[in-house]
Amino acid sequence: MKAKKRRGLSIKARRLIAYAVLIFMVFLCLFWFYILIINATRSHGELTRGFRPTPSTHLLQNWKNLLAGTLPIWQGMINSVIVAGCSAVLSTYFSTMTAYAIHAYTFKGKQAIFRFILMIMMVPTQVTALGFIQLVSKMKLEDSFIPLILPTIAAPVTFYYIKQYMESNLPLSLVEAARIDGSGEFHTFNHIVLPLMKPAIAVQMIFTFVTSWNNYFTPALILHDDKKKTLPILIAQLRSADFLKFDMGQVYVMIVFAILPVVVVYLLLSRQIVSGVAAGGVKG
């Protein structure tokens, strides 16, 4: 009896510690959002005097000043949605197709192709930036969304995650049964494989969307026209304004405006994130 009581107490203590750590981590994550929102309600003069934990009354004024400026804020939002949305859809679809080919087919060089894709994961984007920009310039695709969307089709990280998920959740017997029933390969992939991959696809679409949404490096090298620029570039331009035009309140309002769609996507699809990560991390 004493041993059972001790075990019960130890389990309760572990739970309390786990909850305390989780609460602390949640506080650390949300505290910076709180600071961001509070700063967005303050004027430039108030911000220069230091931080205060209570909100001010300049949120609408900061927003009006931002819209009254020369930067195309709403057009930047539309551009970011187009680039991030198309990148997320194309990346997850073709990565799932590639993972399915590696998982369901047997052919020479299969392991070599798999290792090669994993090797590409080690190459930073900055290493290939110069050659990529030269290629874009020769193809006359500057100030175009095409160089920002099409390369996302080749996404080694997305491929690897979905490949691991398939090993746990896509039995090859199901694919063989579909083939015996006369189902074509594309029909099998689109109507049998993709529905089974929904949790993994949802997770990777979210991650790809957020990565593309926050991407500054590549768009800054390709997009030069203000009407074509995405929100991260416009935020950088707003921050780099000269001393007379610089307004920290506008910067904070624009950052809140830029992260709002990402927060909404996370809130709407949080269940898919948890279920997809949990299922993808367990091998059957």
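The preceding data block contains the structure.
Rules behind the numbers
- Residues numbered from 1 in each chain as written.
- Predicted model: local features only at pLDDT ≥ 70, side-chain atom pairs only at ≥ 80, totals over all residues.
- Heavy atoms only, no water.
- Core = buried A, V, L, I, M, F, W, Y, C linked by side-chain atoms within 4.5 Å.
- Buried < 20%, exposed > 50% of the residue type's maximum accessible area, 1.4 Å probe, protein only.
- Helix = DSSP H or I, 4+ residues; strand = E, 2+ residues; numbered from the N terminus.
- Contact = heavy atoms within 4.5 Å.
- Phe/Tyr/Trp six-rings, centres within 6.5 Å; stacked < 30°, edge-to-face > 60°.
- Lys NZ or Arg CZ within 6 Å of the ring centre and 35° of its normal.
- Salt bridge = Lys/Arg side-chain N within 4 Å of Asp/Glu carboxyl O.
- Patch = residues over 30% accessible without salt bridge, like charges linked within 9 Å, V, L, I, M, F, W, Y side chains within 5 Å.
- Areas by Shrake-Rupley, 256 points an atom, 1.4 Å probe, with all protein chains shown as cover.
- 1 Å grid on protein atoms, 1.4 Å probe; cavity = no way out; pocket = protein on both sides within 12 Å on 5 of 7 lines; lining within 4 Å.
- Points joined across faces, edges and corners; volume = space filled by probe spheres on them.
- Nonpolar A, V, L, I, M, F, W, Y, C, P; charged D, E, K, R; others polar.

Focus: the nonpolar core
Next up, step 1: Counting residues in each nonpolar core, the largest one holds 21 residues, and the members touching the most others are Leu 66, Ile 73, Trp 213, Leu 231, Leu 238 and Met 254.
Next up, step 2: Broken down by secondary-structure element, the contributors of at least two residues to this core are helix 4 (73–104), helix 11 (198–214), helix 13 (231–239) and helix 14 (248–268).
Next up, step 3: In contact with Ile 73, other than residues within four places in its own chain, are Leu 66, Leu 67, Leu 231, Leu 234, Met 254 and Phe 257.
Next up, step 4: Counting residues in hydrophobic clusters, the runner-up holds 20 residues, among them Tyr 100, Ala 104, Met 166 and Met 197.

Here we look at the packing of aromatic side chains
Here a ring pair, both rings aromatic, is described through the centre-centre distance and the interplanar angle of the planes.
Next up, step 1: For the structure on display, the rule yields 11 aromatic pairs.
Next up, step 2: Look at Tyr 93 and Phe 189: their rings are 5.6 Å apart centre to centre, the planes differ by 75°, and that puts the pair in the edge-to-face class. Residue Tyr 93 is located in helix 4, and its partner Phe 189 is located in helix 10 (residues 185–196); the two are separated by 96 residues in the primary sequence.
Next up, step 3: Since its relative accessible area comes to 27%, Tyr 93 is described here as partly exposed.
Next up, step 4: In textbook terms, an aromatic cluster arises when at least three aromatic residues are bridged by ring pairs, as seen for Tyr 93, Phe 94, Tyr 100, Tyr 105 and Phe 189.
Next up, step 5: It is Arg 179 that lies over the ring of Tyr 105; its NZ or CZ is 5.1 Å from the centre.

Details of the pattern of salt bridges
For side chains bearing opposite charge, pairing can occur when the charged atoms are close.
Next up, step 1: For the coordinates displayed, the defined rule picks out four salt bridges.
Next up, step 2: Lys 163 is the partner of Glu 167 in a salt bridge, and the nearest nitrogen-oxygen pair spans 2.6 Å. Here Glu 167 and its partner Lys 163 are both found in helix 8 (residues 156–169), four residues apart, which amounts to about one turn of the helix.
Next up, step 3: For Glu 167, a relative accessible area of 32% puts it in the partly exposed group.
Next up, step 4: Judged by relative accessible area, which is 8%, Lys 163 ranks as buried.
Next up, step 5: With a shortest N-O distance of 3.0 Å, Asp 226 and Lys 229 are connected by a salt bridge.
Next up, step 6: Here Lys 229 falls in the buried class, since its relative accessible area comes to 10%.
Next up, step 7: The structure contains a network of salt bridges with shared partners spanning Glu 176, Arg 179 and Glu 185.

Comments concerning a nonpolar patch on the surface
Next up, step 1: Taken together, Ile 17, Val 21, Phe 24, Met 25, Phe 27, Leu 28 and Trp 32 make up a surface patch of nonpolar side chains, about 740 Å² in accessible area.
Next up, step 2: Assignment of secondary structure puts Val 21 in helix 1 (residues 2–40).
Next up, step 3: The class for Val 21 is partly exposed, based on a relative accessible area of 45%.

Topic: the layout of surface pockets
Next up, step 1: Within this model, the largest pocket holds a volume of roughly 1,200 Å³.
Next up, step 2: Residue lining of the largest pocket: 37 residues in total, with Thr 125, Pro 151, Thr 152, Ala 154 and Pro 156 positioned closest to the centre.
Next up, step 3: Contributing elements (two or more residues each) for the lining of the largest pocket: helix 4, helix 5 (110–120), helix 6 (129–138), helix 7 (146–149), helix 8, helix 11 and helix 12 (217–222).
Next up, step 4: Classifying every residue of the lining of the largest pocket by side-chain character gives 23 nonpolar, 14 polar and no charged.

Digging into empty space enclosed by the protein
Next up, step 1: Counted according to the given criterion, the structure contains one cavity of 30 Å³ or more.
Next up, step 2: Of the volumes computed, that of the largest cavity is approximately 40 Å³.
Next up, step 3: Contributing to the lining of the largest cavity are Ser 80, Val 83, Ala 84, Ser 212, Trp 213, Asn 215, Pro 219, Thr 230 and Pro 232.
Next up, step 4: Broken down by secondary-structure element, the contributors of at least two residues to the lining of the largest cavity are helix 4 and helix 11.
Next up, step 5: No other element matches the three residues that helix 4 contributes to the lining of the largest cavity.
Next up, step 6: Here the lining of the largest cavity is composed, by residue class, of five nonpolar, four polar and no charged.

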